[in-house]
Amino acid sequence: MNQPLCNSVLKLKHYFRISNPESSDNISDILKTTCNDYQSSVKKFIALLNYIKKNNINLTSFNELAALHELVAPHDGAVVSMLSIHFNLTTGTITNLGAQTPYIEDLYQKLCSGHAIGVYLATELAHGHNLVAIETQADYLPEKGVFILNSPSPGSYKFMPNTISCELPKVAVVFAQLNVSGKRYGIFPFVFPLSVNGKLTTGVKITTLGDKPGFYLDNAITSFNNVEVSFEGLLAGNMITLHRNGQVSLHTKTLKERFALITNRIHTGKLCMAISSVAAAKSALHITSIYGHKRQTFGYSGAMPVINYLHFKEGIAWDTLSTVAHSLYLKELTEKVSVTLSKTVKNFKFSDDLLIEIITAKSLCTWRTQEILINCRERCGSHGLFIINKIPHYLIANFGAITAEGDNLVLSLKAGEMILINGIKNNNKDIQHDLFFILTNYLNFLLNKLKKIIVSGNRRTNLDIVNKHSDDFLELSRTYAVLSVVTTMIDSYHHDDIDMIIEGYLIDWAHRSMSNLLINEIIDLQESKKTEERRTEYIRKNAEKIIDFISCFEVDKSGIETPISSDDYISWYAENHDQLKD
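Residues numbered from 1 in each chain as written. Predicted model: local features only at pLDDT ≥ 70, side-chain atom pairs only at ≥ 80, totals over all residues. Heavy atoms only, no water.

1. Brief notes about the overall build of the chain
A tally of regular secondary structure across the chain gives 20 helices and 15 strands. The C-alpha radius of gyration computed for the chain amounts to 25 Å, which stays within 12% of the reference 25 Å derived for 582 residues, consistent with globular compactness. With the principal axes as the frame, the chain shows a C-alpha extent of 85 × 70 × 40 Å. The burial tally for the chain puts 57% of its 582 residues in the buried class. Across the chain, contacts joining residues at least 24 apart in sequence account for 75% of those joining residues at least 6 apart. Roughly 25600 Å² of accessible area belongs to the chain as shown, and the carbon and sulfur atoms make up 51% of that amount. Averaging the locations of the 57 positively and 59 negatively charged side chains of the chain gives two centres separated by 5 Å. (Helix = DSSP H or I, 4+ residues; strand = E, 2+ residues; numbered from the N terminus. Rg over C-alpha atoms; globule rule 2.2 N^0.38 Å. Buried < 20%, exposed > 50% of the residue type's maximum accessible area, 1.4 Å probe, protein only. Contact = heavy atoms within 4.5 Å. Areas by Shrake-Rupley, 256 points an atom, 1.4 Å probe, with all protein chains shown as cover. Lys, Arg positive; Asp, Glu negative; His and termini not counted. Charge placed at Lys NZ, Arg CZ, Asp CG, Glu CD.)

The structure is reproduced here in structure tokens:
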């Protein structure tokens, strides 16, 4: 294997390496533990909670939380999912909307100290991510000063939170329709313990869903039958004042505004999913690159490493380039979100512009990672099929990331509608790059095309329009995300190699959009041919340098070990032969 040429990228190195906190040897020992069922995954997560407590890691900081997602994801997709649910969704929602009462403080401290596991019960069997329509009911009883939580039908059963009982109690944030004195006030979250002293809270029923292949999470169906929730368990922030006698003062009038407030941590979860996904891509590229340099094949001049074939070398270079660009972008987007969160802890909601950026980033990064993981699996041949070499685990986990916190397709269509309504801020006038200009023209073309359709119909977007023009909405969303990546890199990074990364990233996305650019006459056939020639010339010139970025991910320092990424994978298999045979 060639010596890494990282001297030219030392200034950038710390931006796209996998986060590696202090005392990482101890955390690596925890994360490297193999899990074969959900019980072992839960034990591993509990060990992680203990590590976080012992080392005083401050996960109320979104930057720190994002960094931990990035570190954990290449080791275990199920554990990173539990991490995100516990700290981002459950604890984050309590932080944002919970009143400072002894009841809330007690549950919150149990979660923060690792004495309880947080779970988040929003989606239902019949409604999925359509949270506005959920059926779970929370009726307030003034005479008892409690809420009565019920699942009125099988369609209202909570699907599929990780609620199975374990050695630690579980504290739930549950979304339900709030009813007071016969009047409905819409959806609110409620917090209460699912179990007390090792026993399920009366009226709670939990049924395991079994394992997902290679993704050992204790998913379950959860229902409620006259479950009593404390008066203080309503997480309403400043949206509503409910007095014990049943009097209600509604301060946030519209359901839409209230919904935005109660779901804000789902949006930070989207960013956590994107970060975890790109971290898995980094690890898969690390594994595949080492394999490609060590795996011998018979070439035209005798034995040689398989990476000498251009289809292997150039393919992994394009995938690395996307991963580097997305890593740099997500670092800046995480910082932006972290600063925004730090300004307002209570009753926080995202602006539409930032929400669009988060949504489109999640779809762009997780979909592109899925391509990368499939490519890596194939490049590693039969070795890439085995769980012990991690890539199948990454694929399954990334399927989860694509679906979690909002399905990518649904999110992308929604983002396209939001872009159409809100327009595009013109902050790119100083960017001088021909391909950026072409993709910007394509974005404006899509925007104007959809605007004309709506104006001609004298109505806003509706289901018929979205269905008929779904490809345009998806392209609008994706192109917006690509341009956001490029704009952020140009604005935030000023190093020698950034221009090369931006050039390649734009060439790649122009290539991916080529048929649409031609069909819609954004470019002509001659320009298309020149771009394709430019793409070939670019990768032939820069492939080896781009592949050397992989060593700067520092995956090995975060404790990732697989047979095919060992110094001598043949010796590894030989030494472990008896164990593997058993």
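2. Digging into the packing of helix α5 (residues 77-97) against helix α6 (residues 102-112)
Between α5 and α6, whose axes approach to 11 Å, the crossing angle comes to 155°. If you check the angle between α5 and α6, you find them roughly antiparallel. In this structure, the crossing between α5 and α6 has a hand that is left-handed. Note on element contacts: α6 touches α5 through Ile104, Tyr108, Leu111 and Cys112, opposite His86, Thr90, Thr91, Ile94 and Thr95. (Axes fitted to C-alpha atoms, helices over the stretch in contact; angles between N-to-C directions. Parallel < 35°, antiparallel > 145°, perpendicular 65-115°, else oblique. Left-handed = near helix turned anticlockwise from the far one by under 90°.)

3. A short note on the environment of Ile372
Relative to the elements of secondary structure, Ile372 occurs in helix α10 (residues 352-379). Expressed as a C-alpha distance, the spacing of Ile372 and Thr320, which sit 52 residues apart in the sequence, is 8.5 Å. Sequence-distant contacts of Ile372, defined by excluding residues within four places in its chain, comprise Ala281, Leu285, Asp319 and Thr323.

4. A closer look at the pairing of strand β2 (residues 137-141)
Here β2 pairs with strand β3 (residues 146-150) via five bridges, running antiparallel. Considered in β3, the bridge of Leu141 is made with Val146. Turn length for the β2-β3 hairpin, with the two strands adjacent in sequence and antiparallel, is four residues, and the turn residue Gly145 shows positive phi of about 65°. Here four bridges tie β2 to strand β5 (residues 170-180), and the two strands are oriented parallel to one another. Paired with Asp139 across the two strands is Asn179, which belongs to β5. (Pairing = 2+ DSSP bridges.)

5. Considering the domain arrangement of the chain
One frequently used descriptor of interface size is the decrease in accessible area upon assembly of the parts. Here the domain parsing of the chain yields domain 1 (118-235) and domain 2 (261-558). The gap between the C-alpha centroids of domain 1 and domain 2 is 36 Å. Both sides together, the interface formed by domain 1 and domain 2 hides about 740 Å², and carbon and sulfur atoms give 74% of it. When the buried surface of domain 1 facing domain 2 is broken down by residue, His129, Gly214 and Phe215 rank first, second and third, together holding 47% of it. (Domains from an automatic or database assignment. Buried area = accessible area lost by both parts, 1.4 Å probe.)

6. Comments concerning the pairing of strand β15 (residues 302-305)
Sheet topology note: the strand β14 (residues 296-299)/β15 ladder contains four bridges and is antiparallel. The residue of β15 that forms the bridge with Gln296 is Pro305. In this structure, the hairpin formed by β14 and β15 is closed by a connection of two residues.

7. Things to note about the sheet that holds strand β4 (residues 158-159)
Across a sheet, strands are paired by hydrogen bonds formed along the backbone, either parallel or antiparallel in direction. Spatial ordering of the open sheet is given by β4-β10-β9, a layout of three strands whose pairing is antiparallel. A strand with exactly one partner marks an edge of an open sheet, and here the two such strands are β4 and β9 (204-208). Summarising the sheet, β4 and strand β10 (residues 220-224) pair through two bridges and their orientation is antiparallel. Residue pairing for β10: Phe159 is matched across the bridge by Ile221.

8. Overview of unusual backbone geometry
A cis amide bond links Phe159 to the next residue, Met160, at an omega of 20°. For Met160, the location among the structural elements is in the loop between β4 and β5. Here the phi dihedral of Asn56 falls at roughly 50°; this positive angle occurs in a residue that is not glycine. Taking the relative accessible area as the measure of exposure, Asn56 reaches 69% and is therefore exposed. A positive phi is found at Glu521, a non-glycine position, where the angle reads about 60°.

9. Regarding the pattern of salt bridges
What the rule picks out here adds up to 24 salt bridges. Between Lys170 and Asp218 there is a salt bridge, with the nearest N and O atoms lying 2.4 Å from each other. On the criterion of sequence distance, the pair formed by Lys170 in strand β5 and Asp218 in the loop between β9 and β10 is long-range, its members being 48 residues apart. For the residue pair Lys170 and Asp218, the accessibility class agrees, reading buried in each case. For Glu503, the salt bridge is made with Arg534, and the minimal N-O distance between the two is 3.1 Å. On the criterion of sequence distance, the pair formed by Glu503 in helix α16 (residues 498-512) and Arg534 in helix α18 (residues 525-552) is long-range, its members being 31 residues apart. (Salt bridge = Lys/Arg side-chain N within 4 Å of Asp/Glu carboxyl O.)

10. Considerations on the packing of aromatic side chains
Within the structure shown, the criterion is met by seven aromatic pairs. Three or more aromatic residues joined by ring pairs form one cluster here, namely Tyr140, Phe147, Phe190 and Phe231. Residue placement shows Arg512 over the ring face of Trp509; its charged tip is 4.9 Å from the ring centre. (Phe/Tyr/Trp six-rings, centres within 6.5 Å; stacked < 30°, edge-to-face > 60°. Lys NZ or Arg CZ within 6 Å of the ring centre and 35° of its normal.)

11. Observations concerning the packing of helix α3 (residues 38-54) against α5
Their axes nearest at 9 Å, the elements α3 and α5 cross at an angle of 55°. Considered as vectors, α3 and α5 are oriented oblique to each other. For the element pair α3 and α5, the recorded crossing hand is right-handed. Mapping the contact onto sequence places Ser41, Val42, Lys44, Phe45, Leu48, Leu49 and Ile52 in α3 and Ala78, Val79, Met82, Leu83, His86 and Phe87 in α5. For the contact of α3 with α5, the residue count by class is ten nonpolar, two polar and one charged. (Nonpolar A, V, L, I, M, F, W, Y, C, P; charged D, E, K, R; others polar.)

12. Concerning the environment of Gly77
Residue placement: Gly77 occurs in helix α5. Residues Gly77 and Leu217 lie 140 residues apart in sequence; the distance between their C-alpha atoms is 9.1 Å.

13. Details of a nonpolar patch on the surface
Taken together, the side chains of Leu125, Phe159, Met160 and Leu209 define a hydrophobic patch exposed on the protein surface, amounting to about 310 Å² of accessible area. Relative accessible area serves as the criterion here: at 34%, Met160 is assigned to the partly exposed category. (Patch = residues over 30% accessible without salt bridge, like charges linked within 9 Å, V, L, I, M, F, W, Y side chains within 5 Å.)

14. Some words on the confidence of the model for the chain
Averaged over all residues, the pLDDT of the chain is 90; the fraction at 70 or higher stands at 92%. The model gives residues 1-9 a pLDDT under 50, and that stretch makes 16 contacts with residues more than four places away or in other chains. (pLDDT = per-residue confidence, 0-100.)

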